[in-house]
Amino acid sequence: MCTSADVRGQQKAAMSLQKSFPRRQYTLWTIVSCYLLAISDVVTTEERALFSTLASRLIPLVEPARTAEEAVLKARVLELLPTADQLISFLCDPATEKWNNLELATMRLDALVKSGNWEKVFDTSMTTLATENRDDFESWKQMAYAATKLGNDERTSALIELLEKRCKTRNGALAGVYYASLKSTEATFNAAKFYFENFGRQQCAFDDLKSYVEALDAQKWLAFVDEQITFAKSMEHATQNEVHILVNARKFHYLLDPDDKSFVDKNILLYNKLLTSLAFQDKLETDYFYGDDLIIMAATWLLQGRPVSSPVPDQDLVILVIILLETAASNDKHQFRVRLWLTRLYLYIGSFQQALGHYNALAIKNIQMDVLSHYLLSRVSTICPTWKPLISTRDIYDSNAVQTPYHIKKIYESGAFSQVAGCMEFGKRLSDSVNKGILCVEAKRVARILGMKMEGLGINPILRSTKWKENRDFSILYGSTPEETLENKYRIGPIQTGVWVNALILRETIIDEFLTADKRREYALALKELLEKQDLQSLTHVEKWSLETLLELSSIADSATVDGVAVFQTTLIEGMEKYAKLEETSLSWEWFHSLYIVVETAMISIWSLDSLVAIWGTKKNGKVVASIAACKKAVQTVVDDIKEDAKKLKLRRDKWVRDCVKRISELDILKKLDTSSIDIEYLIERIGRGQDESLTILRNTKI
Amino acid sequence: MTSLKPFHATDLFRVNAVNLDVLTENYNISFYLSYLAQWPSLFFSTENPQGEITGYMMGKAEGRGKEWHGHVTCLSVAADYRRIGLARTLVDNLERQSEDPYDAYFLDLFVRASNALAIGMYKKFGYSVYRRVVGYYSGDDGKDNEDAFDMRKPLKRDKNRESVREDGENFRVRPEDVYL
């Protein structure tokens, strides 16, 4: 039952064990499994109430709790009840507090806050902070909020006294800012000032204060932080603390002064100077240099299209930003946000090999494969079809299928009940990961485009009924300063969702079952419904076209006529020519994506038509067969033209590099950057080579 | 700001700011889940106000008799949140849990003998070198194996401080002597 994540089965098995062998352990298992059912999405509302009640009625059979884990289990069951009284009573009972358990302590505070029992919230938080001497910000925050809600002089005085006593600790000082934010803007300003004066030298200071500072007078705050920038000797000899204050101040400028035309220039000049600083020279190789954030800010400022002193032409913007980031990466090998941005931007301009280099430097593995591989592998089959990274990424899902159920069983046996729900959820999220679905589809498409015959690449059409789970992390690219809209803008197409996966699964299934009429019709109908009824935002225009083309092919398979084939040929060629337009000035992921889909669609079309002719043999109307031959010839001509254009692009590569280097070198922004650690011409040449590799693979595809 | 939170398996999807760091190992699923299954209260994290994980501790309890102890398996803090006391917070909580409910004699960890930064940090926390484990870390890229320091801090159960010694840097043992 654990292996198949069947919670109903687990509950039935546990109940049977408990009834047949009334051991304490089996009663606990029954309670756990009832709880899991009550919180699952496989039960009705009535069943949810039933299993909650059943679990709570079994609790007395295993009291008193013998371990903290059993106490957590009881608390989780009590959480399911309609009112919180029993839960709060249990959590605040001294016998429960004696377990000294973080899970119970967290639940206690949460339950009290939800119940609005502010006196208890205040007193519990004060106990945590003052009596137990545990410096927990959540307790600070809730205590401050409770004091405000209560408006009680005694408690307010106690809070202020503790804040003053602990104002030199980070949590205490930040709690002071939070409390001030509940009072007035002026109080917030003063508290934030105090915080920055004492903790501005820490990298996290900007993140800590960001949300509070946005409500303040921007110019007043910026003037204050600028005053904090001091150097004992000089900027070129800045210490780590001095660099941190400087960079934090610049982050506030980024946040609050988005119209400053000199922002990028200033950041670049500051970065150059800091390359000789003690902070940079003395850092360990495995440490980050915080000054890199000056370059990340400059890069994202440019990408966002904010004002600059000397404008950058659109066609050169991304390459300029790449140069900025490559400079930072060459000086600081382990700064992962720089490398993630480089991976993203290289893919954006269709230079996969360069993206791969930075992605590999991040050494992403195991669970990260599910969460982060999208940075490299989004739409990889249509940018630069590549086999190895795809295959290695899929291992995590096989591992999950074996390891997670095994450990869920271990959790039942060891009595770590606080972990059961989390592990079950973890296993399900990996098993139903949308990234997994995407990779399965992409592997098949890569094999097709590269002409590889790979075993074990079948796609189970039942998969499309999966409720796909989103585990991918897009926000890691935000860092401190970029916004979600920026990450959106430079994404490789719309986010591929469960709809995308289902549509492509149907497409692959139709292709696999093309010659089995009833199955082909069934899946074609399902695909048609999907295209008509579902939200198609996750598909690019050319992806939609390719799916619609497949449906037309399916119709021809049902009833091919001369006219029908002719119409198909016309719409197919029109689509191919529309989407395969050559962009000479700036290659991009979108262009490669369109070209590969056009060629892939041509492959599928020709293969399908050939298969039909082979099946019909001599029985079919000779004129239909002849019209199919003409269609194939027309398609082949367009594909040949595409390949020829790709070849011409490749032959013009040297000129492209020279022109690009000349244009980029003349940009004022670049002239300000110390690029001594990189070779710009070589870098641009590598970009070209990366794009050429995709062009070569395209030209080598066999229709 | 720092809030301590218990760690659950689904948090493994949220540790990228920590685990993208070059020094942080990304273990396989089995490793993480085995710790959650056996020592759930010794695996916890710190979060910032936005609910993002900024660091975590993986600990365990092992040993027999007077060698019954808590152990730091993995302590990792996101680069943006270093040098603000998060490591201290995480270690303090592990010490607290190792005392109650585990009632351990001491807390220990292994650190590369060349890692002066980590050694200095743990010494500030009250740890001392108990012994040098010769060749504990296998060498990468053709380098020789590196020694580890087994650093310990006695907990309140060890009233006579029997779990620590003077001059532990020169007390050499082999890796096989360490495994219980």
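See the structure shown above.
Overview of the structure.

Cut-off values and rules
- Residues numbered from 1 in each chain as written.
- Chains lettered and ligands numbered in written order.
- Predicted model: local features only at pLDDT ≥ 70, side-chain atom pairs only at ≥ 80, totals over all residues.
- Heavy atoms only, no water.
- Helix = DSSP H or I, 4+ residues; strand = E, 2+ residues; numbered from the N terminus.
- Rg over C-alpha atoms; globule rule 2.2 N^0.38 Å.
- Buried < 20%, exposed > 50% of the residue type's maximum accessible area, 1.4 Å probe, protein only.
- Contact = heavy atoms within 4.5 Å.
- Areas by Shrake-Rupley, 256 points an atom, 1.4 Å probe, with all protein chains shown as cover.
- 1 Å grid on protein atoms, 1.4 Å probe; cavity = no way out; pocket = protein on both sides within 12 Å on 5 of 7 lines; lining within 4 Å.
- Points joined across faces, edges and corners; volume = space filled by probe spheres on them.
- Nonpolar A, V, L, I, M, F, W, Y, C, P; charged D, E, K, R; others polar.
- Pairing = 2+ DSSP bridges.

Remarks on the overall build of chain B
- Helix and strand counts for chain B come out as five helices and eight strands.
- Listed by position from the N terminus, the elements making up chain B come as β-α-α-β-β-β-α-β-α-β-β-β-α.
- Taken over C-alpha atoms, the radius of gyration comes to 16 Å for chain B, in line with the 16 Å a tight globule of 180 residues would show.
- Taken over 180 residues, chain B has a buried fraction of 58%.
- A separation of at least 24 residues holds for 64% of the contacts in chain B among residues at least 6 apart in sequence.
- Carbon and sulfur atoms provide 45% of the accessible area of chain B, an area that totals close to 7700 Å².

Quick notes on empty space enclosed by the protein
- With the rule as written, the count across this model stands at 10 cavities of 30 Å³ or more.
- Taken as a whole, the largest cavity spans an internal volume of roughly 170 Å³.
- Forming the walls of the largest cavity are 15 residues, and the residues nearest its centre are Ala105, Thr106, Leu109, Asp136 and Ser139 of chain A.
- When residues of the lining of the largest cavity are traced back to their parent elements, those giving at least two are helix H7 (102-115), helix H8 (118-131) and helix H9 (137-150) of chain A together with strand S1 (3-6) of chain B.
- The element best represented in the lining of the largest cavity is H7 of chain A, accounting for six residues.
- Among the residues making up the lining of the largest cavity, the classes are represented as four nonpolar, five polar and six charged.
- Size it by volume and the second largest cavity reaches roughly 110 Å³.
- Lining the second largest cavity are 13 residues, with Gln203, Gln240, His244 and Tyr288 of chain A together with Arg83 of chain B positioned closest to its centre.
- At three residues, the largest contribution of residues to the lining of the second largest cavity is made by helix H15 (residues 240-256) of chain A.
- Its residues assigned to classes, the lining of the second largest cavity shows six nonpolar, three polar and four charged.

Here we look at the pairing of strand S7 (residues 146-154) of chain B
All names here are of chain B.
- Summarising burial for S7: nine of the nine residues are buried, a large majority.
- Relative to S7, strand S5 (residues 106-112) runs antiparallel, the two being bridged by seven bridges. In the strand pairing of S7, Val111 is matched with Phe149.

So, to be careful, I would describe these as geometric facts and stop short of saying anything about function.
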